[in-house]
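Residue-level structure breakdown
So you can see what is in the structure, the chains are spelled out below.
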Amino acid sequence: MMHPFIFIDIVLAAVLTWLFIQYIRLNRALKEKNLQLEAAIKELKAAQVKMMDSGKKGAVAALSAGLLHQISQPITAIHGFVRFMKKEMDNESPFYRPICIMDEQSFYLKEMLANLMELVRHRKIQKTQISINTVIHKSMNLLLDELRIRRIGWDMQLDDKIPFIYGDALHLQQVFMNLAVNAMEALSEKPHGALRTLLLISQYDVDHDQAVIIFKDNGPGISNDHHDKIFDPFFSTKHQGSGIGLALCRDLVNEHGGNISVHSDHNGTIFTIKLPCVRPDEIRQEVTSEAS
């Protein structure tokens, strides 16, 4: 009769072997999708230059959406499976750290694909009367796990006297999440054990009747050479960056009649968004003019 401890060892060895095999398979799949995504982005850039020169923006959008849709489905499936494995795995497992890295990379790919899809299809803006602080809360609630995993201390200082603005909550939520994710990635470059902080501030600029939203991190900052290009499409300071996120943020903020700016030095980076606060009578006038 087999000793119970020997049986347990055999089971554990089998489980670890299975996890190792899954890790190898998923890692290989992620590398393959990375290569496919890089090739797709190159193809998109080439097609964009050729077709936009001849005024065929619709063809660019159709080509882009088709390519991205084919890539996004397996990436989403891989990310979901990796998250499941991470949730079920013991933190002390030798495979836990590699799985965490795969989780971060697949999350990055999934978010980049979503940004690209948003850029090429660009959902029509749908404005309503919204609270900017509520949008900030919803945005950060979706990132709590990532903040914890990356060991980032964060805080919010929100002014409850900001009037409602007239805007698209989903579009603004995407802007805030993009800025927060950018800050998290910059903070991840700091040495292990270094203090990592992210501060979100909302203020009401009474003189200009504007809502001011500030994202402030203590990351390594942006070099002077890159400062003026940071919002350009396809420009990125990150090794694996697509250069889509901040360009999309600028476009969405501009569509709300606002503006976005950046200040950065060795102490960190500050992104500032300014959005107009619209009075109820102005909202009614805009709705009436759109209906007519």
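Residues numbered from 1 in each chain as written. Predicted model: local features only at pLDDT ≥ 70, side-chain atom pairs only at ≥ 80, totals over all residues. Heavy atoms only, no water.

Our next topic: the environment of Ile 222. Mapping Ile 222 onto the fold places it in the loop between β5 (210-217) and α7 (224-227). For Ile 222, a relative accessible area of 16% translates into the label buried. Spatially, the C-alpha atom of Ile 222 lies 7.1 Å from that of Thr 269, the residues being 47 residues apart in sequence. (Helix = DSSP H or I, 4+ residues; strand = E, 2+ residues; numbered from the N terminus. Buried < 20%, exposed > 50% of the residue type's maximum accessible area, 1.4 Å probe, protein only.)

With that out of the way, let us pick up the pairing of strand β6 (residues 259-265). Residues Ile 260, Val 262 and Ser 264 of β6 are buried on one face, while the alternating residues Asn 259, Ser 261, His 263 and Asp 265, pointing to the opposite face, are not. In this structure, β6 lies alongside strand β7 (residues 268-276), joined through seven bridges in antiparallel fashion. Across the sheet, residue Val 262 finds its bridge partner in β7, namely Phe 271. Connecting β6 to the antiparallel partner β7 that follows it, the hairpin turn spans two residues. (Pairing = 2+ DSSP bridges.)

Glancing now at the confidence of the model for the chain. Any residue range with low pLDDT should be treated as having predicted coordinates unsuitable for detailed reading. Chain-level pLDDT for the chain is 76 on average; 68% of the residues reach the 70-or-more range. For the chain, the element scoring lowest by mean pLDDT is helix α9 (residues 280-291), at 51; β5 scores highest, at 96. Ignoring residues within four places in sequence, the model shows residues 51-60, a span with pLDDT below 50, making nine contacts including any to other chains. In the model, residues 287-292 has pLDDT below 50 throughout and makes one contact with residues more than four positions away in sequence or in other chains. (pLDDT = per-residue confidence, 0-100. Contact = heavy atoms within 4.5 Å.)

Here the focus is the sheet that holds β6. Read from one edge to the other, the open sheet built from five strands follows the order β2-β4-β5-β7-β6, with strand pairing classed as mixed. Two strands lie at the open edges of the sheet, namely β2 (153-158) and β6, each paired on one side alone. The sheet shows a mean angle of 15 degrees between the axes of neighbouring strands, direction not considered. Bridge count for β2 against strand β4 (residues 197-205) is six bridges, and the pairing is parallel. Bridging across to β4, Asp 155 finds its partner in Leu 199. Across the face of the sheet, helix α4 (residues 132-141) comes into contact with β2, β4, β5 and β7 while running at roughly 170 degrees to β2. (Axes fitted to C-alpha atoms, helices over the stretch in contact; angles between N-to-C directions.)

Relative to β5, β4 runs antiparallel, the two being bridged by eight bridges. Each bridged residue has a counterpart across the sheet, and for Ser 202 the counterpart in β5 is Ile 213. In this structure, the hairpin formed by β4 and β5 is closed by a connection of four residues, where Asp 209 is found at a positive phi of approximately 50 degrees.

Of all hydrophobic cores here, the largest spans 39 residues; its most connected members are Phe 176, Leu 198, Ile 213 and Ile 273. Looking at this core, the elements that each hand over two or more residues are α4, α6 (169-187), β4, β5, α8 (245-255), β6 and β7. No other element matches α6, which puts ten residues into this core. Not counting chain neighbours up to four residues away, the residues in contact with Ile 213 comprise Ile 132, Ile 136, Phe 176, Ile 201, Phe 271, Thr 272, Ile 273 and Leu 275. With 16 residues, the next largest nonpolar core counts Leu 30, Ile 78, Tyr 96 and Cys 100 among its residues. (Core = buried A, V, L, I, M, F, W, Y, C linked by side-chain atoms within 4.5 Å.)

All right, on to unusual backbone geometry then. Phi is positive for Arg 151, which is not a glycine, with a value near 55 degrees. Following the sequence through the fold, Arg 151 ends up in the loop between α5 (144-149) and β2. Phi angles above zero are rare outside glycine, and Asp 209 is one such case at about 50 degrees. Tracing the sequence through the fold places Asp 209 in the loop between β4 and β5.

Taken as a whole and assessed by the stated rule, the structure comprises one aromatic pair. A ring pair is formed by Phe 176 and Phe 215, whose centres lie 5.9 Å apart and whose planes are at 35 degrees; its orientation type is tilted. A residue pair is termed long-range when its members are at least 10 positions apart, and Phe 176 in helix α6 and Phe 215 in strand β5 qualify at 39 residues. The exposure class assigned to Phe 176 is buried, which follows from its relative accessible area of 1%. (Phe/Tyr/Trp six-rings, centres within 6.5 Å; stacked < 30°, edge-to-face > 60°.)

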